[in-house]
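Single-letter residue listing:
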Amino acid sequence: MPHISKQQVSENTKHLLERQFLAWIKEIAKNNQEKILRELLSPTEQVMLAKRLLAILMILENIPTHDISSVLRISPSTVARFELKVDNRKYVHTHKWLSDKRRKNILRSFTFLFELPFLARRNSLSQLIKQIDSL
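Per chain, residue numbering runs from 1 following the sequence as it is written. Given that the model is predicted, a residue must reach a pLDDT of at least 70 before its local features are reported, and side-chain atom pairs must reach 80 or more before they are shown or counted; all residues, however, enter totals for whole chains, interfaces and linings. The side-chain figures draw on all heavy atoms in the structure; neither hydrogens nor water molecules are used.

Some thoughts on the overall build of the protein
Rules: Going along the chain from the N terminus, every DSSP run of H or I of four or more residues is numbered as a helix, and every run of E of two or more is numbered as a strand. Relative accessibility decides the category of a residue: with a 1.4 Å probe and only protein chains considered, values under 20% of the type maximum give buried, values over 50% give exposed, and everything between is partly exposed. In short, Shrake-Rupley with a 1.4 Å probe defines the accessible areas, and a residue's cover is counted only from the protein chains shown.
The number of helices and strands found in the protein is eight helices and zero strands. Along its sequence from the N terminus, the protein presents helices and strands in the succession α-α-α-α-α-α-α-α. The burial tally for the protein puts 19% of its 135 residues in the buried class. Total accessible area on the protein is roughly 11000 Å²; 58% of this is exposed by carbon and sulfur atoms.

Concerning a nonpolar patch on the surface
In plain terms, the rule: A patch is a set of surface residues, each over 30% in relative accessible area and not in a salt bridge, joined within 9 Å for like charges and within 5 Å for the nonpolar side chains Val, Leu, Ile, Met, Phe, Trp and Tyr. Within this document, salt bridges are pairs made up of a side-chain nitrogen of Lys or Arg and a carboxyl oxygen of Asp or Glu, the two lying within 4 Å of each other.
There is a patch of nonpolar side chains on the surface, built from Phe 21, Leu 22, Trp 24, Ile 25 and Leu 37 and spanning about 490 Å² of accessible area. Ranked by residue count, the leading element in the nonpolar patch is helix α1 (residues 11-27), at four residues. Relative to the helices and strands, Leu 37 is located in helix α2 (residues 33-40).

Some thoughts on the nonpolar core
Let me state the cut-off plainly: We define a nonpolar core as any set of buried Ala, Val, Leu, Ile, Met, Phe, Trp, Tyr and Cys residues linked to one another through side-chain atoms lying within 4.5 Å.
In this structure, Ile 56, Ile 68 and Leu 72 are the most contacted members of the largest nonpolar core, which totals 15 residues. At the level of elements, α3 (43-60), α4 (65-72) and α5 (76-87) are the ones that each hand at least two residues to this core. With six residues, the top contributor of residues to this core is α3.

Concerning a positive patch on the surface
As a reminder, the rule being used: Positive charges are assigned to Lys and Arg, negative charges to Asp and Glu, while His and the chain termini are left out of the count. The atom standing in for a charge is NZ when the residue is Lys, CZ when it is Arg, CG when it is Asp and CD when it is Glu.
Together, Arg 52, Arg 81, Lys 85 and Lys 90 make up a region of like positive charge exposed at the surface. Within the fold, Lys 90 resides in the loop between α5 and α6 (92-98). With relative accessibility at 60%, the residue Lys 90 sits in the exposed group.

Structural notes on the packing of α4 against α5
The test is simple: Note on geometry: axes are C-alpha line fits, over the in-contact stretch for helices, and angles between N-to-C directions span 0 to 180 degrees. Reported orientations rely on four angle classes, namely roughly parallel under 35 degrees, roughly antiparallel over 145, roughly perpendicular from 65 to 115, and oblique for the rest. Put simply, a crossing is left-handed when the front helix is turned counterclockwise from the back one by less than a right angle, and right-handed when it is turned clockwise. The criterion used for residue contact is that any of the two residues' heavy atoms lie within 4.5 Å.
Running from amino to carboxyl end, α4 crosses α5 at an angle of 120°, the nearest separation of the two axes being 9 Å. As judged from the angle between their axes, α4 and α5 are oblique. The chirality of how α4 crosses α5 is right-handed. Judged by residue contacts, Thr 65, Ile 68 and Ser 69 of α4 engage Pro 76, Val 79 and Glu 83 from α5.

Remarks on the packing of α3 against α4
Where we set the bar: Any residue outside Ala, Val, Leu, Ile, Met, Phe, Trp, Tyr, Cys, Pro, Asp, Glu, Lys and Arg is labelled polar, Gly included; the first ten of those are nonpolar and the last four are charged.
Put simply, α3 and α4 touch, their axes get as near as 10 Å, and they point 155° apart. Considered as vectors, α3 and α4 are oriented roughly antiparallel to each other. Crossing handedness for the pair α3 and α4: right-handed. On α4, the residues that touch Lys 51, Leu 54, Ala 55, Met 58 and Ile 59 of α3 are Ile 68, Val 71 and Leu 72. Its residues placed into classes, the contact of α3 with α4 shows seven nonpolar, no polar and one charged.

Let's talk about unusual backbone geometry
Apart from glycine, the bulk of residues carry a negative phi angle, and the bulk of peptide bonds sit in the trans form. In this structure, Asn 62 is a non-glycine residue whose phi angle is positive, near 60°. By the element assignment, Asn 62 lies in the loop between α3 and α4. Take Asn 62: its relative accessible area is 68%, and that puts it in the exposed class. At Arg 89, a residue that is not glycine, the phi angle is positive and equals roughly 60°.

Focus on α4
Along α4, the residues that are buried comprise Ile 68, Ser 69, Val 71 and Leu 72. Arg 73 occupies a position one or two residues after α4 and carries a positive phi of about 55°.

Below, the structure written as structure tokens:
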């Protein structure tokens, strides 16, 4: 979890910082986004954001809470909090962005990789190869 300073800023300063941050994000040229985000976000923060996005996407795909918790290694209560926010339409813009077909394919590939050890117990190698090819 990222460190949050105990020294609070005023609401006005907080809003100014948020607006400036969003303005900077908009300015980043597409070819520099990855480089800049890798410099600014720690590996832990990158994983945290990726897990949040995947949790939201999995919820939108109606994947059960327990499965999301197991795959992403987050607590069921964390998943439940995300589910509540999704139900209350707190992630409308994120949902729209995640609805892109390419992102759904990423989810399918990601969940398949986590299921692979379990599938290997039930399926032959040729069946697994067919499943991988169908992705």
